[in-house]
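What the coordinates show
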Amino acid sequence: MSSLLKLEKLSFSYGDLRVLWDVDLEVHPGEIVTVVGSNGAGKSTTLRNISRLVKPEAGTLTFDGHDLTRLESHQVVGLGVIQVPEGRRIFPEMTVLENLRMGSYVKATRADRERNVARAFSLFPRLEERQKQLGGTMSGGEQQMLAIARGLMGNPRLLLLDEPSLGLSPLFVKNIFDIIKEINRQGVTILLVEQNVFQSLRIAHRAYVLETGRVVLTGAGEQLLKDDHIKKAYLGM
Amino acid sequence: MIIFVQSLLSGILVGGVYALIGIGLTIIFGVMRVINFAHGDLLMLGMYLTYFFFASMGIDPFLSIVLTAPVMFVLGAFLQKVFINRVLNALPQNQILLTIGLGLVMSNTVMLLFTSDYRILTTSYSSSALHVAGISISTPLLLSFAITVAITAFLYWFLLKTDTGQAIRATAQDRDAAQLMGIDVKRMSVLATGMGTALAATAGALISPTYYIFPQVGSSFTLKAFVVVVLGGMGSIVGATLGGVVVGATESLAAVYISSGLKELVVFVLFLLVLLFRPAGLLGKSRM
């Protein structure tokens, strides 16, 4: 199967500090792929490289035949590679509805705006109740729903999710992972970055384990759940 | 009582133009986090352009806005692309030096071209006034206020209802998140600087029938724009609108009840008081 997204020997530094070392990663169409690891392992940095918010030191980034290193952030979004960033990053002075509209800023997606808003509201009924509320005044869980819904507004071909469960109540965490699974079932390919190793391995088809900027382990989600190193280092078993 | 209403009213009318100056500054600051210390000089360029159109072609100063604003939009876009874009990630003091420098180049270029003589633009209605219920309202002030209201209303509509306007606000609220929506933030910066510049120049055109026109006129307006914006809350457009009207009304009332020589002092005292008790400005928001 040909890959939708392919990272080869991706290296990145913040100043003198090397954060990523020759990271190889592939996402095939229809998959949920997860990148797990502890804080500071380089997970978010990997996503920031894909979205071109930062420029890699070396290596290639290819999406569906396009060399991403030649593109600007907004052009990457235009290809359908959409990131739901860590910490939600909701536009605080915009209403829920305005935030959703921004999600379909790319011209090609504006025609589907009404339909996508309806889909967002059916996936997250809470957002429909709060559509006139300012984004900055919502709770963390509601903001996370809005961030994911906003990402879906852009007709993603690949959805990059950065720590969607961070800071949510335990009850809501399970909820978010069910929603991610549902979004994938509706045909969206997902690259999920998480510190919640158990939940993300549970829903992922394949997984990469990142430690201090290097891929140390890769395999099927279910299979990694049984791995001794994973159990000891991340699952506390 | 009549005197109070009279001075309050003319203060509000002048305040409308201050609001326009402040809104321009706040849009530029909001999108790029750069304080444009050349803002008054851009206004000065607007005045001279208006004067030029009037003196050489006889075009009415209010009418010539349709020429002045687009020309200055292009100049602003150019300044952003060539100069300001390079210091977006630089230290604030370097950004300040750049914009102050740009302002100096502008005022000295104008001095070279037009000399430092004071110029007056006199229209047929420059000194005419409307009399209603014992209150007289200067015609050019009233006209300029009407144009200000129309432009401000259009601007609010643009920023709140159109995709491009919302993209500008999104960029001001969270630059990274805006990029993740597919917004070309560099283009938004160019657009914002162009708009801010056009607004400053429009304000210049609007006051040209009532103010002296000279190359250094900008500096006092830079200061005023800064007060207006900080008073209302940096980056808030509603705040800048409110700030403009408050400054205009305060100046006018101070001139009547204290002394016209001290009106600026009163404004600055008010400014310091607001900063003391509401450091984030009257509306206390830092985003558009």
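**Some points on the overall build of chain A**
- Helix and strand counts for chain A come out as 11 helices and 10 strands.
- Its C-alpha atoms give chain A a radius of gyration of 17 Å, near enough to 18 Å, the size a compact globule of 237 residues would have.
- In terms of overall dimensions, chain A has C-alpha extents of about 45 × 45 × 35 Å along its principal axes.
- Expressed as a percentage of its 237 residues, the buried residues of chain A come to 49%.
- The long-range share in chain A, meaning contacts at least 24 apart out of those at least 6 apart in sequence, stands at 66%.

**Looking at the environment of Val-76 of chain A**
Residues and elements named next belong to chain A.
- With respect to the secondary-structure elements, Val-76 resides in helix H2 (residues 73-78).
- Take Val-76: there are 25 C-beta atoms within 10 Å of it, and that puts it in the buried class.
- Distance from Val-76 to Arg-52, taken between C-alpha atoms, is 7.5 Å for residues 24 residues apart in sequence.
- Excluding residues within four positions of it along the chain, Val-76 makes contact with Ser-51, Arg-52, Leu-68, Leu-71 and Val-81.

**So, helix H3 (residues 65-82) of chain B**
- Between its first and last C-alpha atoms H3 of chain B spans 25 Å; for 18 residues at 1.5 Å apiece the expected length is 26 Å, and the two agree.
- Burial in H3 of chain B covers these residues: Ile-65, Thr-68, Ala-69, Met-72, Phe-73, Leu-75, Gly-76, Ala-77, Leu-79 and Gln-80 of chain B.

**Quick word on unusual backbone geometry**
- In this model, Arg-89 of chain A sits at a positive phi of 50°, which is unusual for a non-glycine residue.
- Unlike most non-glycine residues, Ala-133 of chain B shows phi in positive territory, near 50°.
- Mapped onto the elements, Ala-133 of chain B comes out in the loop between strand S1 (129-132) and strand S2 (135-138).
- A residue is classified by how many C-beta atoms lie within 10 Å of it, and Ala-133 of chain B, with 6 of them, is exposed.

**Topic: the sheet that holds strand S7 (residues 158-162) of chain A**
All names here are of chain A.
- Spatial ordering of the open sheet is given by S6-S7-S8-S3-S9-S10, a layout of six strands whose pairing is mixed. Of all the strands in the sheet, the pair left with one neighbour each is strand S6 (81-84) and strand S10 (214-220). Taking the axes of each pair of neighbouring strands and ignoring which way they run, one obtains an average angle of 15° across the sheet.
- One ladder, built from five bridges, connects S7 with strand S8 (residues 189-194); its direction is parallel. Counted as the bridge partner of Leu-159 is Ile-190 from S8.
- Lying on the sheet, helix H1 (residues 43-50) is in contact with strand S3 (32-36), S6, S7, S8 and strand S9 (206-211); it crosses S7 at an angle near 145°.

**Concerning the interface of chain A and chain B**
- Each partner contributes to the interface: chain A provides 20 residues, whereas chain B provides 18 residues.
- When residues of the side of chain A that touches chain B are traced back to their parent elements, those giving at least two are H2 and helix H3 (96-103) of chain A.
- Across the side of chain A that touches chain B, the residue classes tally to nine nonpolar, seven polar and four charged.

**What to know about the confidence of the model for chain B**
All names here are of chain B.
- For chain B, the average pLDDT comes to 93, and 99% of its residues sit at 70 or higher.
- Ranking the elements of chain B by mean pLDDT puts S1 last with 87 and H3 first with 98.
- Prediction confidence for the complex, expressed as pTM and ipTM, is 0.92 and 0.93 respectively.

**Here we look at the pairing of S2 of chain B**
Residue and element names in this part refer to chain B.
- Relative to S2, S1 is paired through four bridges, and the arrangement is antiparallel. Opposite Leu-130, over in S2, you have Ile-137 as the bridge partner.
- Connecting S1 to the next strand, S2, in antiparallel fashion are two residues, including Ala-133 with a positive phi near 50°.

**Overview of the domain arrangement of chain A**
Residue and element names in this part refer to chain A.
- With domains assigned, chain A is organised as domain 1 (5-80 + 156-233) and domain 2 (93-155).
- Placing a centre on the C-alpha atoms of domain 1 and another on those of domain 2 gives a separation of 23 Å.
- With 13 residues of domain 1 in contact, the opposing surface of domain 2 contributes 10 residues.
- When residues of the side of domain 1 that touches domain 2 are traced back to their parent elements, those giving at least two are H2 and helix H8 (170-185).
- Split into classes, the residues belonging to the side of domain 1 that touches domain 2 amount to nine nonpolar, four polar and no charged.

**Section: the nonpolar core**
- Ranked by internal contacts, the top residues of the largest apolar core, which has 157 residues, are Ala-149 and Leu-160 of chain A together with Ile-21, Ala-201 and Val-228 of chain B.
- Both domains that meet at this core, namely domain 1 (5-80 + 156-233) and domain 2 (93-155) of chain A, each give it at least three residues.
- Setting aside chain neighbours within four positions, we find Val-228 of chain B in contact with Tyr-18, Ala-19, Ile-21, Gly-22, Ala-240, Gly-243, Gly-244 and Val-247 of chain B.

**Quick word on the packing of helix H1 (residues 2-32) of chain B against helix H10 (residues 237-257) of chain B**
Residue and element names in this part refer to chain B.
- For the pair H1 and H10, interaxial distance at closest approach is 6 Å and the crossing angle is 145°. Handedness of the H1/H10 crossing: right-handed.
- In terms of residue class, the contact of H1 with H10 is built from 14 nonpolar, 12 polar and one charged.

**A short note on the environment of Gly-134 of chain B**
Residue and element names in this part refer to chain B.
- Looking at the secondary structure, you find Gly-134 in the loop between S1 and S2.
- Take Gly-134: there are 9 C-beta atoms within 10 Å of it, and that puts it in the exposed class.
- Along the backbone, Gly-134 and Ile-3 are 131 residues apart, and their C-alpha atoms lie at a distance of 9.6 Å.

What counts as what
- Throughout, a residue's number is its position along its own chain's written sequence, starting from 1.
- Naming scheme: in the order in which they are written, chains are lettered from A and ligands are numbered from 1.
- Side-chain atom pairs in this predicted model are given and counted only at pLDDT of 80 or more, local residue features only at pLDDT of at least 70, and totals for whole chains, interfaces and linings cover all residues.
- Numbering of helices and strands runs from the N terminus; a helix is a DSSP stretch of H or I covering at least four residues, while a strand is a stretch of E covering at least two.
- Radius of gyration here is computed from C-alpha atoms only, and the compact-globule reference equals 2.2 Å multiplied by the residue count raised to the power 0.38.
- With C-beta atoms placed from the backbone, a residue is buried if 20 or more other C-beta atoms are within 10 Å of its own, exposed if 12 or fewer are, and partly exposed between those counts.
- Any two residues are considered in contact once their C-beta atoms, placed from the backbone, lie within 7 Å.
- Helices are assigned an expected span. That span is 1.5 Å times one less than the residue count.
- One bridge is not enough; two strands pair if DSSP finds at least two bridges between them.
- Comment: axis = line fitted to C-alpha atoms, over the contacting stretch for helices; angle = value between 0 and 180 degrees taken between N-to-C directions.
- Put simply, Ala, Val, Leu, Ile, Met, Phe, Trp, Tyr, Cys and Pro go in the nonpolar bin, Asp, Glu, Lys and Arg in the charged bin, and everything else, Gly too, in the polar bin.
- pLDDT is a residue-level measure of predictor confidence that goes from 0 to 100.
- Domain limits in this description derive from either an automatic procedure or a database domain assignment.
- Working definition: the nonpolar core is a set of buried Ala, Val, Leu, Ile, Met, Phe, Trp, Tyr and Cys residues, joined through C-beta atoms within 7 Å.
- Left-handed is the label given to a crossing in which the near helix is rotated counterclockwise from the far helix by less than a right angle, and right-handed is the label when the rotation is clockwise.

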